[in-house]
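Residue-level structure breakdown
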Amino acid sequence: MSDAAALPGQPRGLVVSGPATARAVNVLAPNPSAMTLDGTNTWLLSEPGSDLAVVVDPGPLDETHLRHVIETAEKLGKRVALTLLTHGHPDHAEGAGLFAELTGTAVRALDPALRLGDEGLGAGDVVSVGGLEVRVVPTPGHTSDSLSFHLPADRAVLTGDTILGRGTTMVAHPDGRLGDYLDSLRRLRSLTVDDGVHTVLPGHGPVLEDAQGAVEFYLAHRASRLAQVETAVENGHRTPSEVVAHVYADVDRSLWPAAELSVRAQLEYLKGRGLV
C-alpha cells in the first residue's frame, strides 16, 4: 500500500460520504468513471448549530442521489437553503435544476445559463447563510466558468475540478485556457500562504490535507507537461493526437480524448508565446 502522507497533497484516504471538516459533509454521487474517479463529491456546507445548509454541486441528474443529499441534510437537522455550482460540467451541474425543484432553492453560478434565480456569483462575493461564510474565488482554466469556494472558518477550499483529490485535471480546450489555469493555481497558492488554507475539498477524489503541497504539485506537473509538449513538437510531432500518443504514452488510452483537450490548450499557450 502507498503512504498517503507521501502522496501529493496528502490525501486523507478512501472517498466516503460523511463529515470532512467542521462545516463540510460529503455526499458521494454514484457516478464513478475514469474521468470522475470515485464519483462526484456533492458538498453539504453549514455552520455548526445552524439549521440551514448550502449545497455545492448537486451532481448528475440522478434523483436518488439528489434526494439522498436532502435526506442527509435533514438527518443533520438542516434545511437546504441555497445551491452553488463550481462549474457547468454535467457531472457537477446537470442535477441542479431538479435539485432546485426538490428543495425550492435558487442556484447560483458564474454562468448565467446555469442560474436559477436573480443572483449569480463573481470574484469577491461572499455567500452568507445561517452564519456560514463562503468566499467566492474565480479559478478559470479547467473551464471558463470555474469557481472555487473558500471556507475561512475551516481553513479549507472547495476546488471543483481545478484540483482533484487524486491525479491531475484537464484543461477543457477551447473553453478552458492554460494561461488562466496557471493563474488560478497561483491564486489558490496565495490562499494557502496568505489565508492559511490547508485543506482541499475537491470535486472528485479524497480530501487533501496539504493544500499548498497539492498546488505546488499541480504547478510542477503543468511545467513538466509543457516542456514535454514543446519537445515533442520540436521532434516532429505536429498534431495534437501525435503529441498525445508521444507524451501520454503511459496514460490509460481511455483518457487520451481528455488529454488531447489539454494538449490543444498547451499548444495554444506555447504558440501564443512564440515557443512552437
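This text gives an overview of the structure that appears in the document. (Residues numbered from 1 in each chain as written. Predicted model: local features only at pLDDT ≥ 70, side-chain atom pairs only at ≥ 80, totals over all residues. Heavy atoms only, no water.)

Inspection of every chain in the model, using the stated rule, returns ten salt bridges. For Glu216, the salt bridge identified is with Arg189, shortest N-O distance 3.4 Å. Taken as a pair, Glu216 in helix α5 (residues 211-234) and Arg189 in helix α4 (residues 178-194) lie far apart in primary sequence, 27 residues in all. Owing to a relative accessible area of 28%, Arg189 belongs among the partly exposed residues under this scheme. Ionic pairing is found between Arg264 and Glu260, a salt bridge with its closest N-O pair at 2.9 Å. Of the two residues, Arg264 and Glu260 both sit in helix α7 (residues 256-272), four residues apart, roughly one turn of that helix. What makes Arg264 partly exposed here is its relative accessible area of 36%. On the basis of relative accessibility, which here comes to 22%, the residue Glu260 falls in the partly exposed class. Linked by salt bridges that have partners in common, Arg23, Glu47 and Asp154 make up one network. (Salt bridge = Lys/Arg side-chain N within 4 Å of Asp/Glu carboxyl O. Helix = DSSP H or I, 4+ residues; strand = E, 2+ residues; numbered from the N terminus. Buried < 20%, exposed > 50% of the residue type's maximum accessible area, 1.4 Å probe, protein only.)

What follows covers the packing of aromatic side chains. Tallied over the entire structure, the rule returns one aromatic pair. With a centroid separation of 6.1 Å and 75° between ring planes, the pair formed by Phe217 and Tyr218 is classed as edge-to-face. Judged by relative accessible area, Tyr218 falls into the buried class, the value being 3%. In this structure, Arg225 packs its charged tip against the face of Tyr248, placed 4.2 Å from the ring centre. The residue whose ring lies beneath Arg253 is Trp256, and the NZ or CZ to ring-centre distance is 4.2 Å. (Phe/Tyr/Trp six-rings, centres within 6.5 Å; stacked < 30°, edge-to-face > 60°. Lys NZ or Arg CZ within 6 Å of the ring centre and 35° of its normal.)

So, about the pairing of strand β2 (residues 24-28). A regular strand places its side chains on the two faces of the sheet in alternate fashion. For β2, the tally of buried residues reaches four of five residues, placing the bulk of the element in the interior. From the end of strand β1 (residues 18-19) to the start of β2, which pair antiparallel, there are four residues. Direction of pairing for β2 relative to strand β3 (residues 41-45): antiparallel, over a ladder of five bridges. Its bridge partner lying in β3, Val27 is registered against Thr42. (Pairing = 2+ DSSP bridges.)

Turning our attention to unusual backbone geometry. In this structure, Pro174 follows His173 across a cis peptide bond, with omega equal to 5°. Topologically, Pro174 is positioned in the loop between β10 (156-160) and α4. The backbone phi angle of Gln10 is positive, close to 50°, even though this residue is not glycine. Looking at where Gln10 falls in the secondary structure, it is placed in the segment before β1. Phi is positive for Arg155, which is not a glycine, with a value near 50°. You can see Arg155 is positioned in the loop between β9 (147-151) and β10.

A sheet is described by the order of its strands in space; here five strands give the open sequence β7-β8-β9-β10-β11, paired in mixed fashion. Either end of the sheet is taken by a strand with one partner, and the two such strands are β7 (126-129) and β11 (199-202). Strand-to-strand twist across the sheet, computed as the mean angle between neighbouring axes with direction ignored, equals 25°. Where β9 lies against β10, three bridges are found, and the strand directions are antiparallel. (Axes fitted to C-alpha atoms, helices over the stretch in contact; angles between N-to-C directions.)

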